[in-house]
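# Survey of secondary and tertiary structure
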Amino acid sequence: RRHKVRRVSGARQTIKTHEMKTVAIDPAALLDRMHRSSGNMHKGPKQRPCATKACLSAAAGSPITRLTPCRSMPTSSRAAALGRCIAANVSTDTPAGEEERQHDKSEVFRSTTRGTKAIQLILQEQILDAPDAATLLDIVDASLNEFGAVNAVTAVYRISRLLTSRAGRLRRRESEHIMSDARFESLIRTLESKSSELDKLGLENRKRAYHKLRVDADLRAGAALSVRLLERSKDIQGDLMDASSVEEVLLMVEEQGEVFNKVNTSTALHRIAKIATTVPDANAGAKQQSPDAVLSMARDDRFRHLLQMAKLFCKEMSVVSISNVLWALARLRCDLDEIDMLVDDLAGRAAATVHNAQPKHLATVVWAFAVLGHEPRSRLLRAIAIRVMDTADDFRAPDVVNMLWAYARWTRLAPLNSPHGLPGAKDVVKELSRVALANLADFTPYQCANLAWSLAILDADVLPRSLASILDRAASDPDGLDDTALTHTIWAIGVKGTEIDGAGGSFQTLLAEAAKRALDRGVGRTGAAGVLWACGRLRVTPREGQAGALLDCLLTVEEEGEPRGKNLQPQPLVHGLWGICQMEGVTLGQKHRDAVFSHASRLVEAGEMEARHADALRASAVGAGLDPLEMDHALTVR
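Residues numbered from 1 in each chain as written. Predicted model: local features only at pLDDT ≥ 70, side-chain atom pairs only at ≥ 80, totals over all residues. Heavy atoms only, no water.

## What to know about the overall build of the protein chain
What counts is decided by this rule: Helix and strand assignments follow DSSP, with helices taken as H or I runs no shorter than four residues and strands as E runs no shorter than two, numbered in order from the N terminus. A 1.4 Å probe rolled over the protein chains alone gives each residue an accessible area, and that area as a share of the maximum for its type sets the label: buried under 20%, exposed over 50%, partly exposed in between. Note on definitions: a residue-residue contact is assigned when non-hydrogen atoms from the two residues lie within 4.5 Å. Working definition of accessibility: Shrake-Rupley area with a 1.4 Å probe, residue cover restricted to the visible protein chains.
In terms of helices and strands, the protein chain carries 30 helices and 4 strands. Residue burial in the protein chain is summarised as follows: out of 638 residues, 52% are buried. Residue pairs at least 24 apart in sequence account for 76% of intrachain contacts in the protein chain once pairs closer than 6 positions are excluded. As presented, the protein chain carries roughly 31300 Å² of accessible surface, and 49% of it is formed by carbon and sulfur atoms.

And the structure:
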């Protein structure tokens, strides 16, 4: 800046003018200064309010990000003004049902990538420094392709302010000249194309600028309508959060669906899933599935219309809205074509937005895709891996468990989809395993059970003392583990543990609980086979009655009319028989021998017995107390 001094009516008056300077700024250095500036801005004179009345602010209610200027300044007031003008987030998304408000003081322009963010920050500063509308149009001419929604609305609002006199009146001739410029028309088109990314204050500033500049009547009407709809959407959001039944939400979709925005749509789906799939248990206060409510809701035309609305808004959704929608779909698990198409669209949008996701939302997205059976694409997996490496230490216990569980499920499909494994999976698993093992005290017994299974499937490196800690934590509350978590934990210890782990009290506690549930048929065939296999692998001989209970659960022949899906499959039969043959002093009784031969014959006749399974059964026959000749006869194709 430079100052000119002149005398007016005998008085000394200082007039400030601005110089536009083109300064080469390193984007990486700019972002590094942003991260350090939040708490380190030097104190200066009292900060003046932004001259543009906050050309763009942070999302409503979120804290203001202050930026350290990229060039030297006499005081910090300019930096503070710039900080108030730059939007930290240009969406109104709020996590459904979440008490904490998502924010990161170190991030601005969060809907963009890191490199684009740096460029748009530089452009924002140049726009705010423009001394007149003509100079601002020169910036538009040179860099319009790099403009984001923040830059576009700031530029239009700034032009309206620069063309307004001190008396608050528009300078007609100058405004007509500027508005007839093709560059101004291009700026308006850019702003309209990105208007869906604006927050409340951005929409209000667009409305004010259009009104002041007297642009086309349709544009003014559209800008005013956007502000009114946003206010209405806020009221709808509150009503959705207060809804206590699925019918209440669907009625709002029917009556007010035309004014729903992307946030309302994601919240409606989230609320429907939460109400339809969980009901309070009066005895234990637990959550139980309500399949009848889900089936009834899936047949409702209003629900299908809501899915279509989600597909329509998908390209505008932030990662918070995406996580809410995916969570809802994963909870509902409705077999609808609309859901399959919506999941594909959400996957594409997630790949473009997870770079700024908080750990909770990132874990929800990954978990939901795994539950829905969606095959991950390389672009999405790479984006997830980069974000995990940046924020691993911020992951809480539920987030770590959900992430590792999802990667464990995906790993089973990896040989089919990618011969070299999932992109970035090794780094993600290594980093999250480190975080998990360093914070085991924060994990519940149920989370430790899921963690053990995931680490076993992923073949992660686990120190013996860490595995012992996971086992002790899971065994501290065996009643709190469901049947799947219980058997998965025992199987995982069989995979990663040693005979020392098998001889410990924690493993014996879980084994006793599994045998107890097997008597009541609470444990499935596959679960019982996994427990027997783990005992054989760890050289553990179950106590009297435990092996029998597990064998009864595994080998009981189906009664006539029993569903086909409950038939014993070859792999559990092989695992169970191998486990028995490794136990000292345990062999099959006559009842169980007959059941083994019956299952083997049935599988052979059905064409489900592969050669590798047949060979494994022959190898285990003698150790389990079976006659090899009878086993050969049962495995012979008739």
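From this point on, the discussion continues.
## With respect to helix α6 (residues 172–179)
Selection rule: What the arc covers is the set of directions going from the helix axis to the C-beta atoms.
Listing the buried residues of α6 in full gives Ser-175, Ile-178 and Met-179. Projected down its long axis, α6 shows its buried positions confined to an angular sector of 90°, all on one face. Residues of α6 that are exposed and angled more than 90 degrees away from the buried face: Arg-173, Glu-176 and His-177. Buried residues in α6 make contact with α4 (133–143), α5 (149–162), α7 (182–193) and α8 (200–213).

## A short note on the packing of aromatic side chains
Short version of the rule: The criterion for an aromatic pair is that two Phe, Tyr or Trp rings (for Trp, the six-membered ring) have centres within 6.5 Å, with stacked assigned to planes under 30 degrees apart, edge-to-face to planes over 60 apart and tilted to the rest.
Summed over all chains, the structure comprises 2 aromatic pairs. Here Tyr-407 and Trp-410 contribute two aromatic rings whose centre-to-centre distance is 5.5 Å and whose plane-to-plane angle is 70°, an arrangement assigned as edge-to-face. Here the residue Tyr-407 and the residue Trp-410 both occupy positions in helix α18 (residues 397–417), the gap between them amounting to 3 residues, near one helical turn. The burial state of Tyr-407 is the same as that of Trp-410; both residues are buried.

## Some thoughts on the nonpolar core
Definition in use: Residues belong to one nonpolar core when they are buried, are Ala, Val, Leu, Ile, Met, Phe, Trp, Tyr or Cys, and are joined through side-chain atoms within 4.5 Å.
Core analysis: the largest hydrophobic core is formed by 150 residues, its most contacted members being Met-403 and Tyr-407. It is α18 that contributes the most residues to this core, 10 residues altogether. Other than its neighbours up to four places away in sequence, Tyr-407 contacts Val-366, Leu-381, Ile-384, Leu-422, Ala-425, Val-428 and Leu-458. Counting 35 residues, the second largest nonpolar core, distinct from the first, contains Ile-127, Tyr-157, Met-179 and Ile-188.

## Topic: the side chain of Arg-271
What counts is decided by this rule: Residues scored as charged are limited to Lys and Arg (positive) and Asp and Glu (negative), so that His and the chain ends carry no count. Salt bridge, as used here: a side-chain nitrogen of Lys or Arg that lies within 4 Å of a carboxyl oxygen of Asp or Glu.
Considering the arrangement of structural elements, one finds Arg-271 in helix α11 (residues 262–277). Notably, Arg-271 is buried but unbridged: the nearest opposite-charge side chain belongs to Asp-242, and the N-O separation is 7.0 Å. Excluding its chain neighbours within four sequence positions, the residues that come into contact with Arg-271 are Leu-240, Met-241, Ala-243 and Val-249.

## Quick look at the environment of Ala-600
Inspection of the secondary structure puts Ala-600 in helix α28 (residues 590–605). On the basis of relative accessible area, Ala-600 is assigned to the buried category, the value being 0%. Between the C-alpha atom of Ala-600 and that of Leu-573, which follows or precedes it by 27 residues, the distance is 8.5 Å. For Ala-600, the residues in contact, after removing those within four places along its chain, are Leu-573, Met-609, Ala-634 and Leu-635.

## Overview of the packing of α4 against α5
Which entries qualify depends on this criterion: Throughout, an axis means a line fitted to C-alpha atoms (over the contacting stretch in the case of helices), and angles, computed between N-to-C directions, take values from 0 to 180 degrees. In these notes the angle categories are as follows: under 35 degrees is roughly parallel, over 145 is roughly antiparallel, 65 to 115 is roughly perpendicular, and the rest is oblique. Two helices cross in a left-handed way if the nearer one is turned anticlockwise from the farther one by less than a right angle. They cross in a right-handed way if the turn is clockwise.
Viewed as axis vectors pointing N to C, α4 and α5 meet at an angle of 160°, and their least axial separation amounts to 9 Å. It follows from the interaxial angle that α4 and α5 lie roughly antiparallel. Relative to α5, α4 is oriented so that their crossing is left-handed. On α5, the residues touching Ala-133, Leu-136 and Leu-137 of α4 are Ala-155, Arg-158, Ile-159 and Leu-162.

## Topic: the confidence of the model for the protein chain
Heads up, the rule is: Confidence of the predictor at the level of single residues is given by pLDDT, which spans 0 to 100.
Per-residue pLDDT for the protein chain has a mean of 79; in total, 76% of the residues score no lower than 70. Contacts for the low-pLDDT stretch residues 33–108, under 50 throughout, to residues beyond four places or in other chains number 180 contacts. Note that pLDDT drops below 50 for residues 560–565; the model gives that stretch 4 contacts with residues more than four away or on any other chain.

## A few points about the packing of α5 against α8
What counts is decided by this rule: Amino acids outside the nonpolar list (Ala, Val, Leu, Ile, Met, Phe, Trp, Tyr, Cys, Pro) and the charged list (Asp, Glu, Lys, Arg) are all regarded as polar, and Gly is one of them.
In the contact formed by α5 and α8, the axes pass within 9 Å of each other and the chain directions differ by 40°. The two elements α5 and α8 meet at a crossing, and its hand is left-handed. Judged by residue contacts, Val-153, Val-156, Tyr-157 and Ser-160 of α5 engage Gly-202, Asn-205, Arg-206, Arg-208, Ala-209, Tyr-210, Lys-212 and Leu-213 from α8. Partitioned by chemical class, the residues of the contact of α5 with α8 number 6 nonpolar, 3 polar and 3 charged.

## What to know about unusual backbone geometry
Positive phi outside glycine occurs at Arg-333, with the angle close to 50°. Counting through the fold element by element, Arg-333 comes out in the loop between α14 (319–332) and α15 (337–353). On the accessibility criterion, Arg-333 (59% relative accessible area) is exposed. Despite not being glycine, Arg-539 shows a phi value in the positive range, around 55°. You can see Arg-539 is positioned in the loop between α25 (525–537) and α26 (546–555).

## Quick word on the environment of Asp-129
With respect to the helices and strands, Asp-129 occurs in helix α3 (residues 114–129). Taking the C-alpha atoms as reference, Asp-129 lies 9.8 Å from Arg-158; in sequence the two are 29 residues apart.

## Details of the pattern of salt bridges
In total, this model carries 21 salt bridges according to the counting rule given. In this structure, Asp-552 engages Lys-591 in a salt bridge whose closest nitrogen and oxygen atoms are separated by 3.2 Å. Of this pair, Asp-552 sits in helix α26 while Lys-591 sits in helix α28, placing them 39 residues apart in sequence. Where salt bridges share partners, they join Glu-247, Glu-254, Asp-300 and Arg-302 into one cluster.

## With respect to the environment of Ser-196
Tracing the backbone shows Ser-196 in the loop between α7 and α8. Take Ser-196: its relative accessible area is 29%, and that puts it in the partly exposed class. Considered as a pair, Ser-196 and Glu-316 are 120 residues apart in the sequence and their alpha carbons are 7.0 Å apart. With residues up to four places along the chain from it excluded, the contact list for Ser-196 reads Lys-262 and Glu-316.

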